[in-house]
Amino acid sequence: MTPKKQFVPSTFLFGIFLLLSSCSRQYVPDTTYSVEQIKQDFKLMRHALEESHPGIYRYTSPDSIRWVFEQTEKLLDHPMTELEFRRTVNPIFSYIRCGHTDIYPSKGYSKYIKKNKPKEFPLGLYYVENKLRILQNRTDDTTLVVGTEVVSIDGQPAADIVAKMRQLVPSDGYNQTFKTTVINGNFGGFYRYLYGNKETFEITVQDSLGKKRGLKLSFNKPPKPTKKASVPAKPTSNQPPKTPVATPKLMVKTNPKLRTLKQSEKDSTVAILDINTFSDDRYRRFYRRSFKALKTQNIKHLIIDLRANGGGKSDASINLMSYLLDSDYTVYDTAAAITLRPSYQHYYGHKFPRFFTRYFWSKKLPDGRRSSRSAQRVQKPTRRYGFKGQVYLLTNGGSFSAAAIFPSMIQQYNPRAVVIGRETGGGRHGCNAFISPYLTLPHTQAKVRIPVFKLVLNIPGADIGHGVQPNFPIEYRFEDVRKARDLDVERAYELINASKSEK
């Protein structure tokens, strides 16, 4: 839990928004599919996952995966809409334990949602300290103050509802910070996905004295934007914006939605590199100019903010590593695919990337798998503008994929670096990624994302199914979230001041 902007990986963000909405396909919203049709879709999905997913048994045994498939298939015993089908099979992906693997809406469903916006959930709810609390009140009831605990919704305990939501969010290994971050970013959307687009719902709240009372609330229509409406500051989700510790001086001009480098006005020896994504193509020029500026301005302490960074291009994170590591480094120990020519080719997307990967970017291994030709490449550090000062990496459950690979490598191989915050959403020892084509199911047209390569990082130790663990763990109470305190940055400055006192 953190007051920073809400995370969801870029591809995942679009998919989860549509996934959590409560409507059906555009032209026929209530289309149902026969038992035979949904079972055919299910069998195709299962076959594709078992045939080509490189990490399907990475954290879960084959017997357990088989049992989950069999138990889920038993639930497909009556006609279903696309939404009902997705909701039924969705928990399977939590058992696979891969944050890059999930089920998404059909194109028809997505178009329908764009034209028919669902009503807005009347409360912004935030789960922290094992309690569900009101962070935003969008109703006219002024008695619902921020911080009020919601103990039940429509007769179901809040803890049970959150547990059901967790089953809908796949994450790497046994990680829970990713799930919590995603749910806190769109609790209302998850509730609609689970229980439908109700007009009203009943809640039970409890005040600080333990007194309970019941209320009936209605969903709100989404507000209509005005032509000259100002753009709200990030984030626009349930999480409050990050409170700046100072008004920093911009060091390098860039797109603030992607990344910024600012010099702290609180301490001229400190700079803050805030990286929101690794998905942009113009990273090389930005990093070169940034680290040149750090050297010119004699910066001694660099805070790198990776919170809410959903990842992106592996090459972007590897390029950034080159400015922070002192010697040659190899990021991946292995990057292998079970197959690059799966069955049911015509149901898969990403045809050109898969073709290029098969014939130009990979090589065949003796056991029949295919390996990336460049995965074990030895990378060179940047000599001219390499940063030799202290590094403070800020992470949370929203630090995913490439944004988890980066702190994993830096924490392991840079003795001047520490990690502050919470466990990353992405795995410390790697993930399943590189390219992740979508399999379109023939009847419901729902799309299943299946990564191609299993990535294992070149770091020692056993993979225990968790993300990067911070050197300095920070936990937020609800009051910290409500007041938008940035405890991670505060801790970084404490460490900086302590290091100065020691000299």
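Procedures and definitions
- Residues numbered from 1 in each chain as written.
- Predicted model: local features only at pLDDT ≥ 70, side-chain atom pairs only at ≥ 80, totals over all residues.
- Heavy atoms only, no water.
- 1 Å grid on protein atoms, 1.4 Å probe; cavity = no way out; pocket = protein on both sides within 12 Å on 5 of 7 lines; lining within 4 Å.
- Points joined across faces, edges and corners; volume = space filled by probe spheres on them.
- Helix = DSSP H or I, 4+ residues; strand = E, 2+ residues; numbered from the N terminus.
- Nonpolar A, V, L, I, M, F, W, Y, C, P; charged D, E, K, R; others polar.
- Expected span 1.5 Å × (residues − 1).
- Buried < 20%, exposed > 50% of the residue type's maximum accessible area, 1.4 Å probe, protein only.
- pLDDT = per-residue confidence, 0-100.
- Contact = heavy atoms within 4.5 Å.
- Pairing = 2+ DSSP bridges.
- Right-handed = clockwise from strand over helix to strand, strands pointing away.
- Axes fitted to C-alpha atoms, helices over the stretch in contact; angles between N-to-C directions.
- Phe/Tyr/Trp six-rings, centres within 6.5 Å; stacked < 30°, edge-to-face > 60°.
- Lys NZ or Arg CZ within 6 Å of the ring centre and 35° of its normal.

### Notes on the layout of surface pockets
Okay, step 1: A volume near 1100 Å³ is recorded for the second largest pocket.
Okay, step 2: Sorting the residues of the lining of the second largest pocket by element identifies helix H1 (10–20), helix H10 (283–296), helix H11 (314–321), helix H12 (351–361) and helix H13 (402–413) as the ones contributing at least two each.
Okay, step 3: A breakdown of the residues in the lining of the second largest pocket according to their chemical character gives 19 nonpolar, 18 polar and six charged.

### Digging into empty space enclosed by the protein
Okay, step 1: In this structure the tally under the stated criterion is one cavity of 30 Å³ or more.
Okay, step 2: By volume, the largest cavity amounts to about 80 Å³.
Okay, step 3: Looking at the largest cavity, the residues that line it are Ser52, Thr339, Leu340, Pro342, Tyr348, Arg354, Pro437, Ile450, Pro451 and Val452.
Okay, step 4: Per-class residue counts for the lining of the largest cavity are seven nonpolar, two polar and one charged.

### What about helix H2 (residues 35–52)?
Okay, step 1: The end-to-end C-alpha separation of H2 is 26 Å, in line with the 26 Å expected for 18 residues at 1.5 Å each.
Okay, step 2: Within the sequence span of H2, burial applies to Ile38, Asp41, Phe42, Leu44, Met45, Arg46, Ala48, Leu49 and Ser52.

### Some words on the confidence of the model for the protein chain
Okay, step 1: Mean pLDDT for the protein chain: 88, with 88% of residues reaching 70 or above.
Okay, step 2: A low-confidence stretch, residues 5–19 (pLDDT under 50), is modelled with 52 contacts involving residues beyond four sequence positions or located in other chains.
Okay, step 3: Confidence drops under a pLDDT of 50 for residues 21–27, and excluding neighbours within four residues, the segment shows 33 contacts in the predicted structure.

### Quick look at the pairing of strand E12 (residues 270–275)
Okay, step 1: Of all six residues in E12, six are buried, a share of seventy percent or more.
Okay, step 2: The alternating pattern of E12 places Val270, Ile272 and Asp274 on one face and Ala271, Leu273 and Ile275 on the opposite face, and all of these are buried.
Okay, step 3: Relative to E12, strand E11 (residues 259–263) runs antiparallel, the two sharing five bridges. Note that in E12 the partner of Thr260 across the bridge is Asp274.
Okay, step 4: Connecting the antiparallel pair E11 and E12 is a turn made up of six residues.
Okay, step 5: Across five bridges, E12 lies against strand E13 (residues 301–305) in parallel orientation. The partner of Val270 across the bridge, within E13, is His301.
Okay, step 6: Crossover connection from E12 via H10 to parallel E13: handedness right-handed.

### Regarding the sheet that holds E13
Okay, step 1: Here we have seven strands laid out as an open sheet, ordered E10-E11-E12-E13-E17-E18-E23, and mixed in their pairing. Edge strands, defined here as strands with exactly one partner in the open sheet, are strand E10 (249–252) and strand E23 (472–473).
Okay, step 2: Sheet topology note: the E10/E11 ladder contains three bridges and is antiparallel. Each residue of the ladder has a partner; that of Leu250, found in E11, is Lys262.
Okay, step 3: Contacts from H13 reach E13, strand E17 (390–395) and strand E18 (417–421), with the element oriented near 145 degrees to E17.

### Regarding unusual backbone geometry
Okay, step 1: A positive phi angle is found at Glu129, which is not glycine, with a value near 55 degrees.
Okay, step 2: Even without being glycine, Ala484 reaches a positive phi, approximately 60 degrees.
Okay, step 3: Along the chain, the position of Ala484 falls in the loop between helix H14 (478–482) and helix H15 (487–502).
Okay, step 4: Residue classification places Ala484 among the buried residues on the basis of a relative accessible area of 11%.

### Some points on the sheet that holds strand E16 (residues 370–372)
Okay, step 1: Pairing is antiparallel in the open sheet, where five strands are placed in the order E15-E16-E14-E22-E19. Both edges of this open sheet fall to strand E15 (362–364) and strand E19 (432–433), since each of them pairs with a single strand only.
Okay, step 2: The pairing of strand E14 (residues 332–337) with E16 spans two bridges and is classified as antiparallel. For Ala337, the partnering residue across the bridge sits in E16 and is Arg370.

### Some points on the packing of aromatic side chains
Okay, step 1: Per the counting criterion, the structure on display carries 18 aromatic pairs.
Okay, step 2: Taking the centre distance of 4.6 Å and the plane angle of 10 degrees together, the rings of Phe291 and Tyr323 count as stacked. Of this pair, Phe291 sits in helix H10 while Tyr323 sits in the loop between H11 and E14, and the two are 32 residues apart along the sequence. Here Phe291 and Tyr323 have matching classes, each one buried.
Okay, step 3: Among the aromatic residues, ring-to-ring pairing joins Phe121, Phe187, Tyr191, Tyr195 and Phe201 into one connected group.
Okay, step 4: In this structure, Arg86 packs its charged tip against the face of Tyr109, placed 4.5 Å from the ring centre.
Okay, step 5: Note that Lys266 overlies the ring of Tyr493, its terminal NZ or CZ placed 4.5 Å from the centroid.

### A word on H15
Okay, step 1: Counted at 1.5 Å a residue, the expected span for H15 with its 16 residues is 22 Å, and the 23 Å between its end C-alpha atoms agrees.
Okay, step 2: Listed in full, the buried residues belonging to H15 are Leu487, Asp488, Val489, Ala492, Tyr493, Leu495, Ile496 and Ser499.
Okay, step 3: Tucked into the core, H15 has its buried residues touching E12, E13, E17, E18, E23 and H14.

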